[in-house]
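Examining the three-dimensional arrangement
So the chains spell out like this:
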Amino acid sequence: NNTNNTANLTKNNNKEKDISNDIEDEDTISPEDVDNYISNNIDNEIVSLSNSSKWDERKQAFTNLSIYLKNNINKTSNETDSLIIKFIKFKLKDFKESNLNIVKEAIDVYETLLDIPGFSKKHTSYAIKKLLDKWGDAKLRASVNAFFIKLMENQTPKHVLNILLKYAANKTPNIIKEFNT
């Protein structure tokens, strides 16, 4: 029975500490500090494009960030991962960005981060928590599905599914229905 399995996994997951809050609660780093880090250590153009009022330039910022990460995979550390995730959080207004093209590019950055050795559990939990809301959007579903699949390949399917079930329990029936199919 799918419903009982989902309820049991969700109940078991509620016992685990919600490590995704670590990223959300780390308010010691300001958006300006993150911008300065990206400007000084990655590419100043990424920050300048991300602050543009034009959506296509903001989208290009995430495209450039993804390209940088792909080309410098061995030079990236967990600290850099955390700052890039903060950068995405700040630039997408905590994932409330309405332009789906920009959100798709940000999801691509997340996928690129998965190629970096040591993508941490707190990053996994945070990404799932934020992208689960986007899964219900038909225009983003393919991008989010691809991210979740790559995440399962990067970590373990059980770990990812446990986190998905934990957060899906509090979501709308459409997301839960999508998850059970």
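Because the structure is a prediction, the values reported are computed rather than measured.

When the charged atoms of two side chains lie near each other, side chains of opposite charge can form a pair. Following the criterion strictly, the structure yields seven salt bridges and no others. A salt bridge links Glu97 to Arg58, with the shortest nitrogen-to-oxygen separation between them at 3.1 Å. Of the two residues, Glu97 is situated in the loop between α6 (78-91) and α7 (100-113) and Arg58 in helix α5 (residues 55-71); the sequence distance between them amounts to 39 residues. When sorted by exposure, Glu97 lands in the same class as Arg58, which is buried.

As a further point, take the environment of Tyr167. Within the secondary structure, Tyr167 sits in helix α10 (residues 157-168). In this structure the C-alpha to C-alpha distance between Tyr167 and Ser125, which are 42 residues apart in sequence, comes to 9.4 Å. A distance of 3.2 Å separates the side chain of Tyr167 from the side chain of Ser125, its partner in a polar contact.

To continue, consider the packing of aromatic side chains. Each pair of aromatic rings is reported with the distance of its centres and the angle of its planes. One pass over the structure, following the stated rule, counts five aromatic pairs. Aromatic side chains Tyr110 and Phe147 sit 5.8 Å apart centroid to centroid with 65 degrees between the ring planes, which places their arrangement in the edge-to-face category. Here Phe147 lies in helix α9 (residues 141-154) and Tyr110 lies in helix α7, a separation of 37 residues in the sequence. Look at Phe147 and you get buried, because its relative accessible area is 0%. The interplanar angle of 55 degrees and the centroid separation of 5.9 Å between the aromatic rings of Phe147 and Phe148 together place this pair among those described as tilted. This pair shows no difference in class: Phe147 is buried, exactly as Phe148 is.

In contact at an axis separation of 10 Å, α7 and α9 are set at 10 degrees when each is read in the N-to-C sense. The orientation of α7 relative to α9 falls into the category roughly parallel. Where α7 approaches α9, its residues Lys104, Ile107, Tyr110 and Glu111 are matched on the opposing element by Ser143, Val144, Ala146, Phe147 and Lys150. Among the residues making up the contact of α7 with α9, the classes are represented as five nonpolar, one polar and three charged.

Turning our attention to the environment of Ile116. Inspection of the secondary structure assignment puts Ile116 in the loop between α7 and α8 (121-135). When its relative accessible area of 1% is taken as the criterion, Ile116 is described as buried. With 38 residues separating them in the primary sequence, Ile116 and Asn78 have C-alpha atoms 8.5 Å apart. Apart from the residues within four sequence positions on either side, Ile116 is in contact with Leu69, Ile73, Thr76 and Asp81.

What counts, and at which threshold
- Residue positions are given per chain, counting from 1 as you read along its sequence in written order.
- A pLDDT threshold of at least 70 governs which residues receive local features in this predicted model, and a stricter bar of 80 or more applies before side-chain atom pairs are shown or counted, although totals over entire chains, interfaces and linings include all residues.
- Hydrogen atoms and water are omitted, and side-chain values are computed over all heavy atoms in the structure.
- By definition, a salt bridge exists where a carboxyl oxygen of Asp or Glu is found within 4 Å of a side-chain nitrogen of Lys or Arg.
- The helix count covers DSSP runs of H or I at least four residues long, the strand count covers runs of E at least two residues long, and both are numbered beginning at the N terminus.
- For the exposure calls, accessible area comes from a 1.4 Å probe over protein chains only, and a residue counts as buried if that area is under 20% of its type's maximum, exposed if over 50%, partly exposed in between.
- Between N or O atoms, a polar contact is any pair within 3.5 Å; within protein, one atom must be a potential hydrogen donor and the other a potential acceptor, and residues adjacent in sequence are included only when both atoms are from side chains.
- Pairing of aromatic rings covers Phe, Tyr and Trp, the last counted by its six-membered ring, and requires centre-to-centre distances within 6.5 Å; plane angles under 30 degrees mean stacked, over 60 mean edge-to-face, and any other angle means tilted.
- Comment: axis = line fitted to C-alpha atoms, over the contacting stretch for helices; angle = value between 0 and 180 degrees taken between N-to-C directions.
- What sets the label is the angle itself: under 35 degrees gives roughly parallel, over 145 gives roughly antiparallel, 65 to 115 gives roughly perpendicular, and the rest give oblique.
- Any two residues having at least one pair of non-hydrogen atoms within 4.5 Å are treated as being in contact.
- Three categories are distinguished: nonpolar for Ala, Val, Leu, Ile, Met, Phe, Trp, Tyr, Cys and Pro, charged for Asp, Glu, Lys and Arg, and polar for the others, with Gly belonging to the last.

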